[in-house]
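Letter by letter, the chains look like this.
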Amino acid sequence: MKMVVEKIETKFDQEKVIEEFEDLTKDGGRIQEETLKKILEQNGGTEYLEQWGLNGRTDPQTFKNCVPIVTHNDLEPYIQRIADGDLSPILTGKPVETISLSSGTTQGKPKFVPFNDELMESTMQIFKTSFAFRNREFPIGNGKALQFIYSSKQFKTKGGLSAGTATTNVYRNAQFKKTMKAMCTPCCSPDEVIFGPDFHQSLYCHLLCGLIFRDEVQVVSSTFAHSIVHAFRTFEQVWEALVVDIREGVLSSRVTVPSIRLAMSKLLKPDPELADTIYKKCSRLSNWYGLIPELFPNTRYIYGIMTGSMEPYLKKLRHYAGELSLLSADYGSSEGWVGVNVNPKLPPELVTYAVLPNIGYFEFIPIGGNLNGMEQANSPVGLTEVKLGEEYEIVFTNFAGLYRYRLGDVVKIKGFHNGTPELQFVCRSNLLLSINIDKNTEKDLQLAVEAAAKSLVDEKLEVVDFTSHVNVSADPGRYVIFWELSGEATDEMLQDCCNCLDRSFIDAGYVSSRKVNAIGALELRIVKRGTFHKILDHFVGLGGAVSQFKTPRCVGPKNSSLLQILSSNVAETYVSSAFC
């Protein structure tokens, strides 16, 4: 990918960035029209757009009348041709040189998405805008960020294009490091650790770098909350080895990658005093509560995506964070960015995202209080036509060849920032537990798990992770919930949890179907310790990046490899008697 040569200010001008954002959002409708015009002028001559008869017109009404709303499946043949080396203007006027891979945790295989300079620019705009608002509320000085970020393996497609996860494409871009430096939050870890081939070794070294620079760490972050929780769960296991490394100034033999060992040898010097400090702090902690501020005393906040499938990790993250604030990162996907968190003081459960009207052209399909509404012929409305309190599915058009693309996310309009809406993420539209008339979302599943797990607290047990599956091969079909626990629970307790799970799905379609046995008794399957770690390893083995990993909350029938991992690690199964 050609690097965009952009002079990034050596000193970050926070007020200027906020002022630019305020100006952009004051006239969202006009900015949207200008953005669509720019996209269509750049790409109007492409094979894809020419077939719809725009004939050079760039106004929103013609665009909506001529160009159909699509899903990734509709664009896949075009993207595949680009990946295979077809250099003709298929989706974009300029050739695409880089492909992003979606996380692939939802459908079982990653999607190919075009990535270009304009997407990189919008990423930096989001980062800078978000940081400006964040830094106004939680100012930091010159310091470092302990970032649990990992690059996946990049590879070449059949046509010679670089392909990697969206996060990898960002981390490898020269602009990323310049921007982080300008915002006074360079990463503690050297590049060799971030781009290391083995994420277990990289994670160990991230922790070690954080401890070496413990007094300089002002932010602890990762792309997703899961990665931060995973890092400190790992710390619980390896902290004594880290203390030995610091005391002796010699890197553990568990790190074998030569490039990482060389880079770490330049940072690691014998420091018995630091080793003693860390040992004492860890020894005094009660069940690791407040671990992060104890290890990194100058940390201002913890930062990462904490909405949607990340919400179940917030309880554990708050345990590690103690009194530190959790700040939810911005709203985007592998396909592109949507909005920025301009209210960083809001807790993650209430966070909203202000749409940036110049990073793409946005439309919203009204849902009308019913997820089935997405299947109806609801006409999408524009960015400035959305209504407070209503729910919509996002459709967006970007600079990288996606036109009227259904993102698959359901959002609720919670307010407005000047002339642009503030969205709250509700759920993925395709992540539904459904057998007949029942409709349970990812959020419904999360609430059911939280309700059922309450009885574990007294026994100092927790649900480490969970997922679900709809077993339609059974007659009648039934929900299957997989739990990994932090310790041993009695059969009686787990049977109660199973019954509670079944009762906690309060969707009317589910309850009525259970009562007449149109849906069978829910199954709770307890999997062995480390099962979800195996799922993470499997994902990384397919070329995914740890920092982009999301535990799939509903494993579909096509995701056979994940179902195999889960099924082969089941230790106990409980069948609900809630509706007997």
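Right, let's walk through the structure included here.

Thresholds, definitions, all that
- Residues numbered from 1 in each chain as written.
- Predicted model: local features only at pLDDT ≥ 70, side-chain atom pairs only at ≥ 80, totals over all residues.
- Heavy atoms only, no water.
- Helix = DSSP H or I, 4+ residues; strand = E, 2+ residues; numbered from the N terminus.
- Buried < 20%, exposed > 50% of the residue type's maximum accessible area, 1.4 Å probe, protein only.
- Contact = heavy atoms within 4.5 Å.
- Areas by Shrake-Rupley, 256 points an atom, 1.4 Å probe, with all protein chains shown as cover.
- Pairing = 2+ DSSP bridges.
- Axes fitted to C-alpha atoms, helices over the stretch in contact; angles between N-to-C directions.
- Arc of directions from axis to C-beta.
- Patch = residues over 30% accessible without salt bridge, like charges linked within 9 Å, V, L, I, M, F, W, Y side chains within 5 Å.
- Salt bridge = Lys/Arg side-chain N within 4 Å of Asp/Glu carboxyl O.
- Lys, Arg positive; Asp, Glu negative; His and termini not counted.
- Charge placed at Lys NZ, Arg CZ, Asp CG, Glu CD.
- Core = buried A, V, L, I, M, F, W, Y, C linked by side-chain atoms within 4.5 Å.
- Polar contact = N/O pair within 3.5 Å; in protein donor to acceptor, adjacent residues only side chain to side chain.
- Parallel < 35°, antiparallel > 145°, perpendicular 65-115°, else oblique.
- Left-handed = near helix turned anticlockwise from the far one by under 90°.
- Nonpolar A, V, L, I, M, F, W, Y, C, P; charged D, E, K, R; others polar.
- Phe/Tyr/Trp six-rings, centres within 6.5 Å; stacked < 30°, edge-to-face > 60°.
- Lys NZ or Arg CZ within 6 Å of the ring centre and 35° of its normal.

Secondary structure assignment for the protein chain yields 20 helices and 20 strands. Per-residue burial over the protein chain gives 58% buried out of 580 residues. When contacts within the protein chain are restricted to residue pairs at least 6 apart in sequence, those whose partners lie at least 24 apart make up 72%. Per element, the accessible surface of the protein chain, about 23800 Å² overall, is 50% carbon and sulfur.

The next subject is the sheet that holds strand 18 (residues 478-485). Taken together, four strands build an open sheet; the order of strands is 17-18-19-20 and the sheet is mixed. The open sheet has two free edges, formed respectively by strand 17 (463-471) and strand 20 (570-575), since each of these has just one partner strand. This sheet shows a mean twist of 20° between the axes of neighbouring strands, independent of strand direction. For strand 19 (residues 523-527) and strand 20, the ladder comprises five bridges, and the chain directions are antiparallel.

We now examine unusual backbone geometry. Residues other than glycine predominantly adopt negative phi, and peptide bonds predominantly adopt the trans conformation. Its identity is not glycine, yet asparagine 55 carries a phi of approximately 50°, on the positive side. Locating asparagine 55 in the fold gives a position in the loop between helix 3 (47-50) and helix 4 (60-66). Even without a glycine there, the phi angle at tryptophan 288 is positive, about 65°. With respect to the secondary-structure elements, tryptophan 288 resides in the loop between helix 13 (272-284) and helix 14 (291-295).

All of the buried residues in helix 12 (residues 258-265) are Ile260, Ala263 and Met264. Taken around the axis of helix 12, the buried residues stretch over an arc of 95°, which confines them to a single face. In helix 12, the exposed positions angled more than 90 degrees off the buried face are occupied by Pro258 and Leu262. As for helix 12, its buried residues are in contact with helix 9 (191-194) and helix 10 (199-212).

Moving on, we come to the pairing of strand 12 (residues 361-366). With five of six residues buried, strand 12 lies mostly within the body of the structure. Inspection of the sheet shows strand 12 paired to strand 14 (residues 391-397) by six bridges, in the antiparallel sense. Directly across from isoleucine 365, in strand 14, lies its bridge partner glutamate 393. As judged from the two bridges shared by strand 12 and strand 13 (residues 381-382), these two strands associate in the antiparallel manner. Looking at strand 13, one finds that glutamate 363 is bridged to glycine 382.

The next thing to look at is a negative patch on the surface. Taken together, the side chains of Asp13, Glu15, Glu19, Glu20 and Asp23 present a region of like negative charge at the surface. With a relative accessible area of 45%, glutamate 15 lands in the partly exposed category.

Our next topic: the nonpolar core. Val220, Phe232, Phe235, Ile302, Phe364 and Ile394 are the most contacted members of the largest nonpolar core, which has 143 residues in total. Considering every element that reaches this core, the biggest residue donor is helix 11 (residues 225-248), with twelve residues. When neighbours within four sequence positions are excluded, isoleucine 394 is seen to be in contact with Tyr331, Val338, Phe362, Glu363, Phe364, Tyr405, Arg406, Leu407, Gly408, Asp409, Val411 and Leu423. Counting 28 residues, the second largest nonpolar core, distinct from the first, contains Val449, Trp483, Leu485 and Cys498.

Before going further, it helps to spend a moment on the side chain of glutamate 311. Looking at the secondary structure, you find glutamate 311 in the loop between strand 7 (301-305) and helix 15 (314-321). For glutamate 311, a relative accessible area of 13% translates into the label buried. Among the polar contacts made by the side chain of glutamate 311, one reaches the side chain of lysine 443 at a distance of 2.6 Å.

Quick look at the pattern of salt bridges now. Going through the model one piece at a time under the given rule, you end up with 21 salt bridges. For glutamate 118, the salt bridge goes to lysine 94, with nearest N and O atoms at 3.5 Å. Highlighted residues: glutamate 118 in helix 6 (residues 117-137) and lysine 94 in the loop between helix 5 (72-83) and strand 1 (98-101), separated in sequence by 24 residues. For glutamate 118, a relative accessible area of 17% translates into the label buried. In the salt-bridge network here, residues are joined through shared partners; they are Asp27, Arg30 and Glu34.

A separate point is the environment of leucine 285. Locating leucine 285 in the fold gives a position in the loop between helix 13 and helix 14. For leucine 285, a relative accessible area of 18% gives the class buried. Excluding its chain neighbours within four sequence positions, the residues that come into contact with leucine 285 are Gly290, Leu291 and Glu294.

Our focus in this paragraph is the environment of lysine 316. Among the secondary structure elements, lysine 316 is positioned in helix 15. For the pair lysine 316 and valine 229, spaced 87 residues apart in the sequence, the C-alpha separation amounts to 6.9 Å. Excluding its chain neighbours within four sequence positions, the residues that come into contact with lysine 316 are Val229, Arg233, Glu236 and Glu462.

Put simply, helix 11 and helix 13 touch, their axes get as near as 8 Å, and they point 160° apart. The orientation of helix 11 relative to helix 13 falls into the category roughly antiparallel. Every pair of crossing elements has a handedness; the one defined by helix 11 and helix 13 is left-handed. Along the contact surface, helix 11 presents Phe235, Trp239, Glu240, Val243, Ile246 and Arg247, while helix 13 presents Pro272, Leu274, Ala275, Asp276, Ile278, Tyr279, Cys282 and Ser283. For the contact of helix 11 with helix 13, a count of residues per class yields ten nonpolar, one polar and three charged.

Before going further, it helps to examine the packing of helix 16 (residues 442-453) against helix 17 (residues 491-504). Here helix 16 crosses helix 17 at 145°, and the two axes come no closer than 8 Å. The crossing of helix 16 and helix 17 is right-handed. Contacts between helix 16 and helix 17 involve Ala448, Val449, Ala451 and Ala452 on the former and, on the latter, Cys497, Cys500, Leu501 and Ser504. By residue class, the composition of the contact of helix 16 with helix 17 is seven nonpolar, one polar and no charged.

What follows is about the packing of aromatic side chains. All chains considered together, the criterion is met by 22 aromatic pairs. When the centroid spacing of 5.4 Å and the interplanar angle of 80° are considered together, the rings of phenylalanine 21 and phenylalanine 133 count as edge-to-face. Linking phenylalanine 21 in helix 1 (residues 14-26) with phenylalanine 133 in helix 6, this pair joins segments that are 112 residues apart in sequence. Residue phenylalanine 21 is classed as buried on the basis of its relative accessible area, which comes to 2%. When its relative accessible area of 3% is taken as the criterion, phenylalanine 133 is described as buried. Geometrically, the ring pair formed by tyrosine 150 and phenylalanine 199 is edge-to-face, given 6.3 Å between the ring centres and 85° between the ring planes. Note that tyrosine 150 is positioned in the loop between strand 3 (144-147) and strand 4 (155-156) and phenylalanine 199 in helix 10, a separation of 49 residues in sequence. Residue class for phenylalanine 199 comes out buried when judged on its relative accessible area of 7%. The structure contains a cluster of three or more aromatic residues connected by ring pairs, namely Tyr48, Trp52, Tyr78 and Tyr403. Taking the ring centre of phenylalanine 213 as reference, the NZ or CZ of lysine 144 above it sits at 4.8 Å. Across the ring face of phenylalanine 466, the terminal group of arginine 553 is positioned such that the distance to the ring centre comes to 4.3 Å.

Shape is all these values report; function is a separate question.
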